Amino acid sequence: FEDGGDSDSALEIYLRLGDVEVFDLIHKRKLHNALIENIQYLMKLGENQLQKTAELLVEFRQDDCLPPTKVVKKLDSVGSEKEWEYFLHRYLDTLFDRDPKAGSEYHERQVQLYADYHQKKLLPFLRACNDIPLQKALDVCQSKNLYEAMVFLLGNNYIM
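Residues numbered from 1 in each chain as written. Predicted model: local features only at pLDDT ≥ 70, side-chain atom pairs only at ≥ 80, totals over all residues. Heavy atoms only, no water.

**Overview of the packing of helix α6 (residues 68–78) against helix α7 (residues 82–98)**
Stated formally: With axes taken as lines fitted to C-alpha atoms, and helix axes fitted only over the stretch in contact, angles between N-to-C directions fall between 0 and 180 degrees. The helix and strand labels rest on DSSP assignments: H or I over at least four residues marks a helix, E over at least two residues marks a strand, and numbering proceeds from the N terminus. Orientation categories follow fixed angle ranges, with anything under 35 degrees roughly parallel, anything over 145 roughly antiparallel, 65 to 115 roughly perpendicular, and all other angles oblique. For this analysis, residues touch if any pair of their heavy atoms sits within 4.5 Å. For this classification, Asp, Glu, Lys and Arg are treated as charged, while Ala, Val, Leu, Ile, Met, Phe, Trp, Tyr, Cys and Pro are nonpolar and the rest, including Gly, are polar.
Between α6 and α7, the least distance of the axes is 9 Å, while the angle of their chain directions is 170 degrees. With respect to α7, the element α6 is oriented roughly antiparallel. Where α6 abuts α7, its residues Pro-68, Val-71, Val-72, Leu-75, Asp-76 and Val-78 lie against Trp-84, Phe-87, Leu-88, Tyr-91, Leu-92 and Leu-95. In terms of residue class, the contact of α6 with α7 is made up of eleven nonpolar, no polar and one charged.

This is the structure:
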């Protein structure tokens, strides 16, 4: 199917089989909509594939096909289950690593996500951002007993 140009059929088969070749197909054929529409199936392919999915979403952002607002809206619409929240964290973390300003409207939310899923990256994230309300960041850090982050926030007059 793939060689014959029937990308939709090939995509469906790859997804049904749980074949990681689906990522090559999406990338090669620039199947932006297929990526976002099938995100729930891609997430079920395993931990390593979560990062591949996040990287493709970030890559397609550069073509203005999948802006962060569209991706976050899709993830929020699926539900508040922990797996979706964790994937949102992975996506926003990948986005921040590539372009810290690209998802700045989600920085406040990322504080909680880092506190929940990757505490070691919270302090570097806070150091790189200056657009997060102090009290909200402090509340998150206090709830998780993240003293080093609290000291940083208070000690550097981190005020927004």
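Continuing now.
**A look at the side chain of Asn-38**
What counts is decided by this rule: The classification of residues rests on relative accessible area computed with a 1.4 Å probe and restricted to protein chains. Under 20% of the type maximum is buried, over 50% is exposed, and intermediate values are partly exposed.
By the element assignment, Asn-38 lies in the loop between α3 (32–37) and α4 (39–43). Residue class for Asn-38 comes out buried when judged on its relative accessible area of 15%. Beyond its immediate sequence surroundings of up to four residues, Asn-38 is in contact with Leu-11 and Leu-15.

**Considering the environment of Leu-95**
Along the chain, the position of Leu-95 falls in helix α7. When its relative accessible area of 1% is taken as the criterion, Leu-95 is described as buried. Here the alpha-carbon distance between Leu-95 and Val-22, two residues 73 residues apart in the chain, equals 21 Å. With residues near it in sequence (within four places) discarded, Leu-95 still touches Val-58, Arg-61, Pro-68, Pro-100, Ala-102 and Gly-103.

**As for unusual backbone geometry**
Unlike most non-glycine residues, Lys-30 shows phi in positive territory, near 50 degrees. The topology assignment puts Lys-30 in the loop between α2 (22–29) and α3. Given a relative accessible area of 44%, Lys-30 falls into the partly exposed group. We note that Asn-145 has phi near 55 degrees; this positive angle belongs to a residue other than glycine.

**Examining the packing of aromatic side chains**
This is how the line gets drawn: Here a pair means two rings of Phe, Tyr or Trp (six-membered ring of Trp) with centres within 6.5 Å. Their orientation is stacked below 30 degrees between planes, edge-to-face above 60, and tilted elsewhere.
Applying the stated criterion across every chain, the model contains three aromatic pairs. Measuring from ring centre to ring centre gives 4.9 Å for Tyr-114 and Phe-125, while their planes differ by 45 degrees; the resulting arrangement is tilted. With Tyr-114 in helix α8 (residues 107–117) and Phe-125 in helix α9 (residues 122–128), this pair connects stretches of sequence that are eleven residues apart. Considered together, Tyr-114 and Phe-125 belong to a single accessibility category, that of buried residues. Taken together, the aromatic side chains of Phe-96, Tyr-114 and Phe-125 make up a single cluster linked through ring pairs.

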